[in-house]
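# Breakdown of the fold
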Amino acid sequence: MKVTFPHLGTMHIFCKAIAETSGIPYIVPPETSRRTLTLGVQHSNECICLPFKMILGNFIEALQMGADTIVMVGSGPPCRLGLYDLVQKVILEDMGLRYRWLTIPPRLTWQAIWKNYEETKELKKELSWKNILLFPYGLRMGWKKMMACEALEKLAMKVRPREVQKGETQKRLKKALSGVDEARTLRTLNDALQKGRTLLQETGQDFSRVPLKIAIVGELYTVMDPHINRGVEQKLGELGAEVTRTSWFSTHILRSLRKNKADQNSERIRFFEASKAYLGYDVGAECNLSIGEAIVRSQEGYDGVVHLMPFACMPETTASGILTRVGKDWDIPILTLILDEQEIEGRIQTLLEAFIEMLQWKRKAA
Ligand code: SF4
């Protein structure tokens, strides 16, 4: 058995940690590239959303490298993410690729547990007692690595707009993340996190700068994966903006486990409540939250919002129409970027530069 998983954001780091710590053989798909996207595009319906194509490309590359077991998160309606696993299975079978599939259920319902039981029945036969006994420790290691990656990424978002040498923070972040990836025990992971923090804090910074404050909202994979969004977070930081985002793997996992449901102060609940001024129901995925977060960030004095959405994304298309109104009502500039498989890196850079310049003028004029 050789398990594989999508190469999204820092997801491969913590998925690898779970497999490695539990002694389960794995294959990390190559870093998402033009080839990954081309493979995904070639074998998908052109109208399907971009994250679907990227993830399909990851799986094709991993299966070609010898992986035989795909682990993928599931979801429910109304978003298409709930159908990703069903459609991707059909495509991979049509391509003649051999694999087994394991869906991580988004909610622990009886139906999901039964589906999971059916999928894991055969797999369990290939696992040793050692694998099974080590699995809880593997999960703990994976969770700790995920939290370490997020802590470093959040710190980089603060350092980047003040860096003296453009690109220095990104280089240091990469090094810090590979330190986390290489850690094999909880103690060495802790050391790697501390070293990574120091490395980022030691970046040459100009503390006289007052960065613009920008929130990135939108479809979760598009917000979290720099390959899908063409490095929007890094670009904004290097243009002098301190970026915030609330989509992290940990937020979505805790939400699925319903861990922060009772926490009335949870940001997501605040955003959802704020969106009720424009929407009377839950549209699905991140739609309501994109709208609510734009309102809340305006109240908090943010300079602007960047809204990211894949082409043909149903929930975010609804959000983008309403956000035009929100921008006017709450006097907050909102830039919507629609991402597809076209080579749009240069266009995105130009749009972001123009947006930042406009925010700077607005700040000066205030
Ligand atoms: S939120 Fe949008 S992009 Fe994401 S899976 Fe749903 S429809 Fe596709």
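Okay, so let's go over this structure.

A tally of regular secondary structure across the protein chain gives 15 helices and seven strands. In terms of overall dimensions, the protein chain has a C-alpha envelope of 70 × 45 × 45 Å along the principal axes. When the 366 residues of the protein chain are sorted by exposure, 52% land in the buried category. Taking all contacts inside the protein chain whose residues are at least 6 apart in sequence as the whole, residues at least 24 apart take part in 74%. Looking at the protein chain as shown, the accessible area adds up to about 17700 Å², and 57% of this sits on carbon and sulfur atoms. Between the mean site of the 50 positive side-chain charges and the mean site of the 43 negative ones, the protein chain shows a separation of 4 Å.

This paragraph deals with the sheet that holds strand 7 (residues 334–339). Strand order in the open sheet made by the four strands is 5-4-6-7, with parallel pairing throughout. Of all strands in the sheet, those with a lone pairing partner are strand 5 (241–245) and strand 7, marking the two edges. Neighbour-to-neighbour, the strand axes of this sheet turn through a mean angle of 25°, independent of strand direction. Sheet topology places strand 6 (residues 304–310) next to strand 7; six bridges connect them, and they run parallel. Residue pairing in the sheet places V305 in a bridge with I334 of strand 7.

What follows concerns the nonpolar core. L92, Y221, V232 and L236 are the most contacted members of the largest nonpolar core, which has 56 residues in total. Every residue in contact with V232, bar those within four places of it in the chain, is listed here: I216, V306, L308, L337, I348 and L352. Within the second largest apolar cluster, 19 residues are counted, among which are V283, A319, L323 and I332.

Attention shifts here to the sheet that holds strand 3 (residues 100–104). What the three strands build is an open sheet, ordered 1-2-3; its pairing is parallel. In the strand order of this sheet, the two ends are held by strand 1 (3–4) and strand 3, each with one partner. Pairing of strand 2 (residues 69–73) with strand 3, which is carried by five bridges, proceeds in the parallel orientation. Directly across from M72, in strand 3, lies its bridge partner T103.

Our next topic: the site of the ligand. Around the ligand sit C49, C79, R80, L81, Y84, E219, A285, P310, C313, M314 and P315, and those are all the residues in its vicinity. Of the residues in the shell around the ligand, the class split is nine nonpolar, no polar and two charged. Each of two domains, domain 1 (3–127) and domain 3 (210–366), supplies a minimum of three residues to the shell around the ligand.

Scoring rules and cut-offs
Residues numbered from 1 in each chain as written. Predicted model: local features only at pLDDT ≥ 70, side-chain atom pairs only at ≥ 80, totals over all residues. Heavy atoms only, no water. Helix = DSSP H or I, 4+ residues; strand = E, 2+ residues; numbered from the N terminus. Buried < 20%, exposed > 50% of the residue type's maximum accessible area, 1.4 Å probe, protein only. Contact = heavy atoms within 4.5 Å. Areas by Shrake-Rupley, 256 points an atom, 1.4 Å probe, with all protein chains shown as cover. Lys, Arg positive; Asp, Glu negative; His and termini not counted. Charge placed at Lys NZ, Arg CZ, Asp CG, Glu CD. Pairing = 2+ DSSP bridges. Axes fitted to C-alpha atoms, helices over the stretch in contact; angles between N-to-C directions. Core = buried A, V, L, I, M, F, W, Y, C linked by side-chain atoms within 4.5 Å. Near = heavy atom within 4 Å. Nonpolar A, V, L, I, M, F, W, Y, C, P; charged D, E, K, R; others polar. Domains from an automatic or database assignment.

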